[in-house]
Amino acid sequence: METNKLIYDARDHSTLNDKQIELSDFIREYSLGKLRSKAHIYDVDEANTYEMISEAANDGIYNIDFFKEAFSDTSGLSLSIIAEEFAYGDAGLALSILYPALPLTLLYLFANKEQEDRILPELLGKKDAPKITSFAASEPNAGSDLGSMSTFAEKVDGGYLLNGRKRWAGNTGKADSYFVLANTDKEIGKNSQTFFYIEKGTEGLSYENLYKKIGLRSITNGDIILENVFVPDNNIIGGAEYHLEKLERLRSKKGKFPHQALSTF
């Protein structure tokens, strides 16, 4: 007796346009040639992926222009194609190389003009000296529940003092910069949350508990500790003036604003 079988072909290109097909083929070839051949080294030894990222930067993949090109596809497929084909080589290395998609999305959605001009060009470094970034939202006692997050940013002269603990952020302890989500008003709660841009070496910023994992072992995850970390006004994403105006309007219930974390996700 014959039965109908549903056959799924992950390489079915019939719904893709020529540019997307070319992109898919290029990333698959790159992934098989450069990621899969070294995947066991980074997975077994949990080696630092900076060498792999440096190679990707040199090959024109790990840079702002590459991500801009992917984001410019209005169908939304290009970034998914890239992620799928990279992961075919190795999921951990794919995550390491594509990790900037989250902070870049945050900046494209919410950064002001001054931040676009200052932070974006330097975020991933240069071809011969790439930089690594981190996106820190989750917390030990909250997971990704925004309403339960306790990291708090207190307004002080010229900026904010951040205190709290973040967990599971990618590139913990190895990143050159961190985008940290924090509450800024206890009464407003989660609606007061915004991201802060913090550079490595900032006083009060430290790391703990780099976790051993059963998968994605080539990217580090751990706890980010914030103890009176001072962040200047120009490093609150969107700008201090915009944020203070937002809080004032939220207190008077005169408007709604997109949530930076939810919008980015």
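The model shown is predicted, which means the values in this text are computed figures rather than measured ones.

Note on backbone geometry: most residues besides glycine have negative phi, and most peptide bonds are trans. Located in the positive-phi region is Leu216, a residue other than glycine, with phi close to 50°. Note on placement: Leu216 falls in the loop between β8 (205-208) and β9 (221-232). In this structure Leu216 comes out as partly exposed when scored by relative accessible area, which is 38%. Although it is not a glycine, Asn228 adopts a positive phi angle of roughly 50°. With respect to the helices and strands, the residue Asn228 is situated in strand β9.

Before going further, it helps to spend a moment on helix α10 (residues 240-251). Here α10 contains 12 residues, and its C-alpha end-to-end distance of 17 Å stays within 8% of the 16 Å for a straight helix at 1.5 Å per residue. Burial in α10 covers these residues: Ala240, His243, Lys246, Leu247 and Leu250. End-on, the buried residues of α10 take up no more than an arc of 125°, which puts them together on one face. On the buried face of α10, the contacting elements are β5 (159-170) and β7 (194-199). Directly beyond the C-terminal end of α10, a positive phi value near 55° is found at Lys253.

A word on the pattern of salt bridges. Counting across every chain of the model gives 17 salt bridges. The shortest N-O distance in the salt bridge between Glu122 and Lys126 comes to 4.0 Å. Among the residues examined, Glu122 registers a relative accessible area of 36% and is labelled partly exposed. Note that Glu248 and Arg251 form a salt bridge whose closest N and O atoms lie 3.6 Å from each other. Note that Glu248 and Arg251 are positioned in helix α10 at a spacing of 3 residues, about one turn of the helix. Here Glu248 falls in the partly exposed class, since its relative accessible area comes to 48%. Look at the salt bridges and you will find they share partners, linking Lys34, Lys38, Glu55 and Asp59 into a network.

Rules used in this analysis
- Residues numbered from 1 in each chain as written.
- Predicted model: local features only at pLDDT ≥ 70, side-chain atom pairs only at ≥ 80, totals over all residues.
- Heavy atoms only, no water.
- Helix = DSSP H or I, 4+ residues; strand = E, 2+ residues; numbered from the N terminus.
- Buried < 20%, exposed > 50% of the residue type's maximum accessible area, 1.4 Å probe, protein only.
- Expected span 1.5 Å × (residues − 1).
- Arc of directions from axis to C-beta.
- Contact = heavy atoms within 4.5 Å.
- Salt bridge = Lys/Arg side-chain N within 4 Å of Asp/Glu carboxyl O.

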